[in-house]
Amino acid sequence: MDRRVAIQWMLSAAATFAARDHLAIAADAPVRAKGYGPDPVMAKIYKPGDLWPLTLTEPQRRTAGALCDVIIPADDASSSASSVGVPDFIDEWISSPYPAQAGDRRVILEGLEWFDEEARRRFSKPFADLTHDQQTAICADVASAKVKPEHRKPASFFKRYRDLTAGGYYTTPEGMQGIGYVGNRPTATFEGPPIEALKHVGLA
């Protein structure tokens, strides 16, 4: 057995032990897809669903998209989260057959269901069909620093969903452009960090 195979076996064993606490990872059914293996083709562009079946139904995707856009709406300088494919990212994330994502699957599915139920209870419509003010009112209740006891579980979901939305958004070209990230680009000269950045860390 060569070193590469031995390492793969050890990682597989570690993943198996980590997965024991996540046997019931789906709200309705377990994920049965295989992973992409240790060597994905990095030069290939994969579309949502190419590597494993996706989870969200069409109503769930509408709720997911609407919630993403409350968290990161479009403005004069940047696109909304849903318009750059963040719901696809979240769907891929919770559908992947890896232990690190297994815990998020139930949290996200149950959280989306709660937002729709809460929207119908308050406004007699699904969350995606509410006005922006109505959507924001529900989000504000679970994002408050003083969350009511009955909102603790949806508040935990909203925090995780907000993190996933930001992570998905700011790894897109549009998101990186929005924060001024230029990445690894060759330049003829390097003038050093801007004075504002040096002042911020006390080095100016």
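Residues numbered from 1 in each chain as written. Predicted model: local features only at pLDDT ≥ 70, side-chain atom pairs only at ≥ 80, totals over all residues. Heavy atoms only, no water.

With that out of the way, let us pick up the confidence of the model for the chain. Averaged over all residues, the pLDDT of the chain is 83; the fraction at 70 or higher stands at 80%. Mean pLDDT in the chain bottoms out at helix 1 (residues 3-19), which sits at 44, and peaks at helix 2 (residues 58-71), which reaches 97. (pLDDT = per-residue confidence, 0-100. Helix = DSSP H or I, 4+ residues; strand = E, 2+ residues; numbered from the N terminus.)

Moving on to the side chain of Thr55. Examined against the element boundaries, Thr55 turns out to sit in the loop between helix 1 and helix 2. Separated by 2.6 Å, the side chains of Thr55 and Arg105 make a polar contact. (Polar contact = N/O pair within 3.5 Å; in protein donor to acceptor, adjacent residues only side chain to side chain.)

On to unusual backbone geometry, then. Notably, Ser124 is not glycine yet its phi reads approximately 65°, a positive angle. Relative to the helices and strands, Ser124 is located in the loop between helix 4 (99-123) and helix 5 (132-143). Exposure remark for Ser124: the relative accessible area of 63% places this residue in the exposed category. (Buried < 20%, exposed > 50% of the residue type's maximum accessible area, 1.4 Å probe, protein only.)

Moving on: the packing of helix 2 against helix 6 (residues 152-169). Packing of helix 2 against helix 6 leaves a shortest axis separation of 10 Å and a crossing angle of 80°. In terms of orientation, helix 2 lies roughly perpendicular with respect to helix 6. Residue-level inspection shows Ala64, Leu67, Cys68 and Ile71 of helix 2 in contact with helix 6, the latter providing Phe157, Phe158, Tyr161, Arg162 and Thr165. A breakdown of the residues in the contact of helix 2 with helix 6 according to their chemical character gives seven nonpolar, one polar and one charged. (Axes fitted to C-alpha atoms, helices over the stretch in contact; angles between N-to-C directions. Parallel < 35°, antiparallel > 145°, perpendicular 65-115°, else oblique. Contact = heavy atoms within 4.5 Å. Nonpolar A, V, L, I, M, F, W, Y, C, P; charged D, E, K, R; others polar.)

One finds Leu67, Ile108, Leu112, Phe115, Phe127, Phe157 and Tyr161 to be the most contacted residues of the largest nonpolar core, which totals 29 residues. Those elements that provide at least two residues to this core are helix 2, helix 3 (86-95), helix 4, helix 5 and helix 6. In this view, Leu67 contacts Leu112, Phe115, Phe127, Cys139, Phe157, Phe158 and Tyr161; residues no more than four positions away in its chain are not counted. (Core = buried A, V, L, I, M, F, W, Y, C linked by side-chain atoms within 4.5 Å.)

A few words on the pattern of salt bridges. What the rule picks out here adds up to ten salt bridges. The partner of Arg106 in a salt bridge is Glu110, with the nearest N and O atoms 3.3 Å apart. Of the two residues, Arg106 and Glu110 are both situated in helix 4; the distance of four residues between them amounts to about one turn of the helix. On the accessibility criterion, Glu110 (26% relative accessible area) is partly exposed. Between Glu110 and Lys153 there is a salt bridge, with its nearest N and O atoms 3.3 Å apart. Pair noted here: Glu110 is in helix 4 and Lys153 is in helix 6, with a separation of 43 residues, a long-range link. The exposure class of Lys153 is exposed, given its relative accessible area of 61%. By sharing partners, the salt bridges in this structure join Glu118, Arg121, Arg122 and Asp141 into a single network. (Salt bridge = Lys/Arg side-chain N within 4 Å of Asp/Glu carboxyl O.)

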